[in-house]
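Observations on the model geometry
Residue strings, one per chain:
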Amino acid sequence: MRVFAMELFTKLFGDLLLFVYHCFDRIVIHGYLSGLSRPEQVVHFFRKVVGIPVLSKEILSQRTADYQNWVEAFARNHNIPIEWAEKGVRKEDYVLPWLRRMTKRNAYGVYFIFKSMEQGPSFRVSVPKYPTKDPNHRILARQRSRFTHDYFYIRDEVLGPMVMRVATFFPFQTTYYLNGHNFIERELNRAQVGFRKNDNAFLAIDDVAALQAAADRLSPDIIRDRLDYWTLILGPKFSVKERKRVKLSRFYAISQIEYCRNFIFKRNFPIHKLFERGCELGLWRLTAHKITEIFGARLHRRLPGKLATVIDQIEHGHHVFRAYFKHAFLKQYEKFATFLRNELCSNNLNDFGLKKGLDNLDAVRQTFKVITSRFAGFQAQWLNVHVDFPLLQRIALPITIGSVRYPGIKIHDRRVIRLLEVLLHGGTHVGGWTAKEIHQSVRTTFGLSERSYGLNQLRYDLRKLKGHGLLERDGSRYAYRLTPKGVQVALLFLFFHKRLCGPLANSRFHHRPDPQHRPNSRLEAAYHRADKAIQNIVDLLAAA
C-alpha cells in the first residue's frame, strides 16, 4: 500500500512536484534520573549516601537553591542573558536575535536562559501521624507542584538549535526540544550540499538523495550522546562519591513526536488549490472507517480517544486540516504557498503499539512513514477525478450482467445527482446506509414529498448504481455505501454540475454582452467566450 500510494500521488502531480522528502520534525524527550525517580531511592540517597539522617523539606529546598545559584553563576561567567519569561511572549521569537549572533560567529553553546514558574513532578516530605520505632522516619510521596524551571537555549554542533528544560526541584526531570530539520541542516553543511531552507522546510536542494539520507541518519545513539553531554554540563550537580554509589544516568523517553512528509512544488500556484480541494474532500470522505484504515487499526465501539476531522485557523490565511485518531492526529497544511506538508503528531506512542523509549525511534519512523504515505494515497484517489468523457459515455449505456439488464446512468439525471450527493456525505454512517435512511435523507435535504420521490424509485436508483459497480453492500446487511469507483464518479458528476453546468445555467449575463467589453478577469473572459459559443450553437440550430 505504501509504494502504491506514493506512485499514485507522484503520477498525478509528478509534473508539478520538484521533490518530496520525509523526516522527523519536532521531538520532545523527557529525561528521568533512574536512581532518584522513586521515593525510596531518594530516602536511600540522602540517608546512606549523603549522610543526612532526617530528610526534610529544607534539605530538598537546599539542593534547589544550590542548583539555582550555579545557574546564575554560569550565566554571569559566560555573559549569557538570563530573564524571567513574560506571559504572552513566544520564547523562540524572543531569543532569535541571540541565535543569529551565535550563528554569525559560527559558535556553539548556550546563548540564552529563560526562567519560568511551571507545574512539575516533585516530592512532599511529611511526619508520620503515629509514632514509629525510627524517630528519623519521614514519609516521602510524589506530587505535582509549581516551582522554577530553567530553559537553556543551545546551539549544538550536531543537532543544531535545541532547548533543554531543567526542573530545579527533586527529582530534577529534564525535557529536551529538538527539530529534525535542524539536524538535517547540520548534516548538509558538513557534506557541503547546497540548499535553501525557510523556517522548518527545505525548498531547494542540490542533491535530493543526500537530503533524504541525512534525514534517515538521525538515530537514538546520536540523540542520546548529545543529550548526555548537555545534561552533564547544564544539569543538577552531584559529587563524585554520589555518582559512584547511585545510578544517576538518564532514561530518555519520547513524550511528543512529529513526522512530516513534505511536497515541494516547482511553482506556487497549485499548492493552495490542492490543499483547498483536499480539505473539501477530506471533510466529506474521511469518515471514522477511513481514519482507522489510514492509521492501520480496526474500528470498534470501544476505541478510545477521538475519530474526527476538523479545519483549524491558526492565523489569518493559515488553515490546518486535522484528522484525529485516539491521542494523535494527522494534519495537512500549506505554509504561505511555499510547500504542502502531511504531518503525523503523537502524544502517546502506545496508540500505535509502540514503546516510548528513545531506542524505539527507528520503529516510530517506519510506522509513521507508512501512515503518512497511506494518507497521501487516499488523497490521491479523491483528487483523481479528471473529466473523462469516454467514462460518461460508457456509464450512460445499459449493461447486462448474467441475465439481468441494468439501465445506463445519465449525467443529467436529477434523481441520481441528488442520491450521489447524499451518499458522499456519509460521515455519520460508517457501516453504510439502509434504504430507508437514504430515502429520508434525500427527501429532507432536497425538500421532496413522498409522492415526488417514493421508496420504490429509490430502490430502482440503488439497483442501477449497484449494477454499474458504484455501490456495494456492507457484508450481508442491507446497507449501502459507495465503492472507490463510485466515489470518483460521484465527485465527477457533482463537480460537473456545480462547477460547469451551474454557472452556465445560472449565467450572470442576462443580456448579450458588449463585444467591445474586455474584462480583466480570466474567469470573466472565459464566461464571455462560453456565452458566445452557446449563442452560435443556438443560431446554427435555428438556421437548420
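Residues numbered from 1 in each chain as written. Predicted model: local features only at pLDDT ≥ 70, side-chain atom pairs only at ≥ 80, totals over all residues. Heavy atoms only, no water.

Here we take up the overall build of the protein chain. Per the secondary structure count, the protein chain includes 18 helices and 18 strands. The C-alpha radius of gyration computed for the protein chain amounts to 31 Å, which surpasses the reference 24 Å derived for 544 residues by more than 25%, pointing to a less compact arrangement than a globule. Across its three principal axes, the protein chain shows a C-alpha extent of roughly 110 × 60 × 40 Å. Sequence separation of at least 24 residues holds for 66% of the intrachain contacts in the protein chain that already meet a minimum separation of 6. Summed over its atoms, the accessible surface of the protein chain is roughly 29000 Å², and 52% of this surface lies on carbon and sulfur atoms. The average position of the 86 basic charges and that of the 49 acidic charges among the side chains of the protein chain differ by 5 Å. (Helix = DSSP H or I, 4+ residues; strand = E, 2+ residues; numbered from the N terminus. Rg over C-alpha atoms; globule rule 2.2 N^0.38 Å. Contact = heavy atoms within 4.5 Å. Areas by Shrake-Rupley, 256 points an atom, 1.4 Å probe, with all protein chains shown as cover. Lys, Arg positive; Asp, Glu negative; His and termini not counted. Charge placed at Lys NZ, Arg CZ, Asp CG, Glu CD.)

Once that is clear, we can look at the packing of aromatic side chains. Under the counting rule described, the total for this entry stands at 29 aromatic pairs. Both rings, one in tyrosine 333 and one in phenylalanine 339, keep their centres 6.5 Å apart while their planes meet at 65 degrees; by these two values the pair is edge-to-face. Of the two residues, tyrosine 333 and phenylalanine 339, both sit in the buried class. Cluster of aromatic residues (ring-pair linked, three or more members): Phe45, Phe46, Tyr67, Trp70, Phe74, Phe170, Phe172 and Phe238. Against the face of phenylalanine 446 rests arginine 418, its NZ or CZ located 5.6 Å from the ring centre. (Phe/Tyr/Trp six-rings, centres within 6.5 Å; stacked < 30°, edge-to-face > 60°. Buried < 20%, exposed > 50% of the residue type's maximum accessible area, 1.4 Å probe, protein only. Lys NZ or Arg CZ within 6 Å of the ring centre and 35° of its normal.)

Okay, unusual backbone geometry next. The peptide bond linking phenylalanine 170 to proline 171 adopts the cis configuration, its omega dihedral lying at 10 degrees. Position of proline 171 relative to the elements: it lies in the loop between β5 (160-167) and β6 (174-179). The phi dihedral of asparagine 106 falls on the positive side, at around 55 degrees, and the residue is not glycine. Mapping asparagine 106 onto the fold places it in the loop between α5 (96-105) and β3 (109-126). With a phi angle near 55 degrees, phenylalanine 172 is a residue other than glycine that sits in the positive phi range. Residue position: phenylalanine 172 is located in the loop between β5 and β6.

Time to look at a nonpolar patch on the surface. A cluster of nonpolar residues, Tyr229, Leu232 and Ile233, forms a patch on the protein surface that exposes about 270 Å² of accessible area. Residue placement: tyrosine 229 occurs in helix α8 (residues 220-234). By relative accessible area, tyrosine 229 is classed as partly exposed at 39%. (Patch = residues over 30% accessible without salt bridge, like charges linked within 9 Å, V, L, I, M, F, W, Y side chains within 5 Å. Salt bridge = Lys/Arg side-chain N within 4 Å of Asp/Glu carboxyl O.)

All right, on to the packing of helix α14 (residues 414-424) against helix α16 (residues 455-467) then. For the pair α14 and α16, the least separation of the axes is 11 Å and the interaxial angle reads 75 degrees. Accordingly, the angle class assigned to the pair α14 and α16 is roughly perpendicular. On α16, the residues touching Arg415, Val416, Leu419, Leu420 and Leu423 of α14 are Gln457, Leu458, Tyr460, Asp461, Leu462, Lys464 and Leu465. Here the residues of the contact of α14 with α16 are counted per class, giving eight nonpolar, one polar and three charged. (Axes fitted to C-alpha atoms, helices over the stretch in contact; angles between N-to-C directions. Parallel < 35°, antiparallel > 145°, perpendicular 65-115°, else oblique. Nonpolar A, V, L, I, M, F, W, Y, C, P; charged D, E, K, R; others polar.)

This paragraph deals with helix α7 (residues 208-216). Leu211, Gln212, Ala214 and Ala215 are the residues of α7 that are buried. Along the axis of α7, the buried residues cluster in a sector spanning 160 degrees; they form a single face. Buried residues belonging to α7 abut β1 (17-33), α6 (180-190), β8 (201-205) and α12 (361-383). By the N-cap criterion, in which a side-chain oxygen at the helix start approaches the backbone nitrogen of a residue two or three places on, α7 is capped by aspartate 207, the distance to alanine 209 being 3.1 Å. (Arc of directions from axis to C-beta. Polar contact = N/O pair within 3.5 Å; in protein donor to acceptor, adjacent residues only side chain to side chain.)

The next point concerns the pattern of salt bridges. What the rule picks out here adds up to 22 salt bridges. Salt-bridge contacts for arginine 38 lead to glutamate 40; the nearest nitrogen and oxygen are separated by 3.0 Å. Taking relative accessible area as the criterion, arginine 38 reaches 38% and is therefore assigned partly exposed. When the shortest N-O distance is used, the salt bridge between arginine 165 and glutamate 118 registers 2.8 Å. Taken together, the positions of arginine 165 in strand β5 and glutamate 118 in strand β3 put the pair 47 residues apart, joining distant regions of the chain. Pair check on accessibility: arginine 165 and glutamate 118 agree, each one buried. Look at the salt bridges and you will find they share partners, linking Asp156, Asp225 and Arg226 into a network.

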